[in-house]
Amino acid sequence: MTTKQILYPNTKLWMAAIKPPMYSVAIMPIWVGTAVAFAETKIFNGAVFSTFVTAAILILAWENISNDVFDSETGIDQNKHHSLVNLTGNKSLIFWLGNFCLGLGLLGILAIATWQQDPTIIGIILLCCALGYTYQGPPFRLGYQGLGEIICFFAFGPLAVAAAYYSQTQTWSITSLAASIIVGIVTSLILFCSHFHQVKDDIAAGKRSPIVRLGTAKAAQLLMLFTGSIYPLTLLFVLWGFFPIWTLLSWFSSPFAIKLCRHVQENHHQPDKVSNCKFIAVAVHFWSCLLLGLGFML
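> So what's going on with the overall build of the protein chain? Residues and values would help.
When its secondary structure is counted, the protein chain shows 14 helices and zero strands. Going from N to C terminus, the protein chain has its helices and strands arranged as α-α-α-α-α-α-α-α-α-α-α-α-α-α. Out of the 298 residues in the protein chain, the part that is buried amounts to 51%. Relative to all contacts within the protein chain whose residues are 6 or more apart in sequence, the contacts with residues 24 or more apart total 71%. In the form shown here, the protein chain has an accessible surface area of approximately 13900 Å², with 69% of it arising from carbon and sulfur atoms.

Pasting the structure below:
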């Protein structure tokens, strides 16, 4: 009984630190970009897709791990028990583990570029990594200025989706760009939601997140606006002829979107209750992107 009581909380902390559900953030841009490529060219290279997905997961692992390291330097994570640095007590180990993941991920991207004898994808992904570093890495720490969601939108939206599309076709696409706007918005929602429960810690560390700048009530209203925007945008792109009608399948993710908005509206000022909203946002992201990509495949 005592052993279980000790081990279970530690297991929960490690799972919270590793954040398994969050890795859909890495997978979905590759899925959507590849799906658009298939819809337009009927080309699908399974080896490139699987290599890209693996590389994207490793690169996101680097970003998550390095963010724990950088946050430990500002003191913002002193109350975050599931920080990898706090769990291990070894910042140097975590730092180099993150760099190891980054190296492996970039090797995967290099392999794709070598197969295709085209370095374009390397440049796009290096730009994504550079943006990811500026989010929390010194001396930039742009996330502390409230710019994290903008960085997230471009890195996981237009850039990542374009890279995935290019990896299959070695060309560019307006449709891919349109799809990437939706992917970028729903990805940024996850980061936006992660701030609601840590306003006090952010203020204490000098982090001016959008929630700190706006206040939780106004931020909850803004969340409704951006969450709701993805559905009329999809319809608009269908009406303009960019998307096939089957992409309206993404509207079946709307129950999660409604749940997210209601939950944050009711609990935005209660950190303990609103802290799980980012996981509802992950569900919105996963299902909307999965169904959007499926709509292109059908």
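> An account of the packing of aromatic side chains is needed here, citing residue identities and associated values.
One pass over the full model with this rule turns up 15 aromatic pairs. Residues tyrosine 166 and tryptophan 172 carry aromatic rings whose centres are separated by 4.6 Å and whose planes lie at 35° to one another, so their mutual orientation is tilted. Here tryptophan 172 falls in the exposed class, since its relative accessible area comes to 54%. Measuring from centroid to centroid gives 5.7 Å for phenylalanine 192 and phenylalanine 196, while their planes differ by 85°, and the two rings are edge-to-face.

> Go over the packing of helix H2 (residues 24-41) against helix H3 (residues 46-74) with me, naming the residues and quoting the values.
Where H2 meets H3, the closest approach of the two axes is 8 Å, and the angle between their N-to-C directions is 150°. In terms of their interaxial angle, H2 and H3 are classed as roughly antiparallel. The way H2 lies across H3 gives a crossing that is right-handed. Contacts from Val25, Ala26, Ile27, Ile30, Trp31 and Thr34 in H2 reach Phe49, Phe52, Val53, Ala56, Ile57 and Leu60 in H3. Of the residues that constitute the contact of H2 with H3, the class distribution is eleven nonpolar, one polar and no charged.

> Could you give me a rundown of H2, with the residues and numbers involved?
Under the 1.5 Å per step criterion, the end-to-end length of H2 is 25 Å for 18 residues, consistent within 8% with the ideal 26 Å. Along H2, 13 of the 18 residues are buried, which leaves the element largely enclosed by surrounding structure. Looking one or two residues beyond H2, the residue adopting positive phi is lysine 42, at roughly 60°.

> Provide a residue-level description of the environment of valine 186, including the pertinent values.
With respect to the element layout, valine 186 can be found in helix H8 (residues 174-193). For valine 186 and serine 288, which are 102 residues apart along the polypeptide, the C-alpha to C-alpha distance reads 8.2 Å. Not counting the four nearest positions on each side in its chain, valine 186 is found in contact with Ile230, His285, Ser288 and Cys289.

> Tell me about the environment of isoleucine 57, residues and numbers included.
By the secondary structure assignment, isoleucine 57 is in helix H3. The residues contacting isoleucine 57, other than those within four sequence positions of it, are Tyr23, Ala26 and Ile27.

> Residues and numbers for a nonpolar patch on the surface, please.
A cluster of nonpolar side chains, namely Ile174, Leu177, Leu235, Leu236, Leu239, Trp240, Phe242 and Trp251, defines an oily patch on the protein surface of about 790 Å² accessible area. Those elements that provide at least two residues to the nonpolar patch are H8 and helix H11 (216-239). Top element by residues in the nonpolar patch is H11. It accounts for three residues. Along the chain, tryptophan 240 falls in the loop between H11 and helix H12 (254-267).

> Hey, could you go over the side chain of arginine 141 for me, with residue numbers and the actual values?
As for its placement among the helices and strands, arginine 141 is situated in the loop between helix H6 (120-136) and helix H7 (148-169). Those residues within four positions of arginine 141 in sequence are excluded, and the remaining contacts are Phe70, Glu73, Thr74, Thr134, Tyr135 and Gln136.

> Tell me about the state of the cysteines, and please be specific about residues and values.
In this structure the tally under the stated criterion is zero disulfides. Looking at the unpaired cysteine 128, the closest cysteine sulfur is the one in cysteine 129, lying at 6.8 Å. You can call cysteine 128 buried: its relative accessible area is 12%.

> Quick one: what's the story with the confidence of the model for the protein chain, residue by residue and with numbers?
Summing up the model confidence of the protein chain, the mean pLDDT is 90 and the portion of residues at 70 or higher is 89%. Low confidence marks residues 1-8, where pLDDT is under 50. Its contacts with residues over four positions away, or in another chain, come to one contact.

Thresholds, definitions, all that
Residues numbered from 1 in each chain as written. Predicted model: local features only at pLDDT ≥ 70, side-chain atom pairs only at ≥ 80, totals over all residues. Heavy atoms only, no water. Helix = DSSP H or I, 4+ residues; strand = E, 2+ residues; numbered from the N terminus. Buried < 20%, exposed > 50% of the residue type's maximum accessible area, 1.4 Å probe, protein only. Contact = heavy atoms within 4.5 Å. Areas by Shrake-Rupley, 256 points an atom, 1.4 Å probe, with all protein chains shown as cover. Phe/Tyr/Trp six-rings, centres within 6.5 Å; stacked < 30°, edge-to-face > 60°. Axes fitted to C-alpha atoms, helices over the stretch in contact; angles between N-to-C directions. Parallel < 35°, antiparallel > 145°, perpendicular 65-115°, else oblique. Left-handed = near helix turned anticlockwise from the far one by under 90°. Nonpolar A, V, L, I, M, F, W, Y, C, P; charged D, E, K, R; others polar. Expected span 1.5 Å × (residues − 1). Patch = residues over 30% accessible without salt bridge, like charges linked within 9 Å, V, L, I, M, F, W, Y side chains within 5 Å. Salt bridge = Lys/Arg side-chain N within 4 Å of Asp/Glu carboxyl O. Disulfide = S-S within 2.5 Å. pLDDT = per-residue confidence, 0-100.

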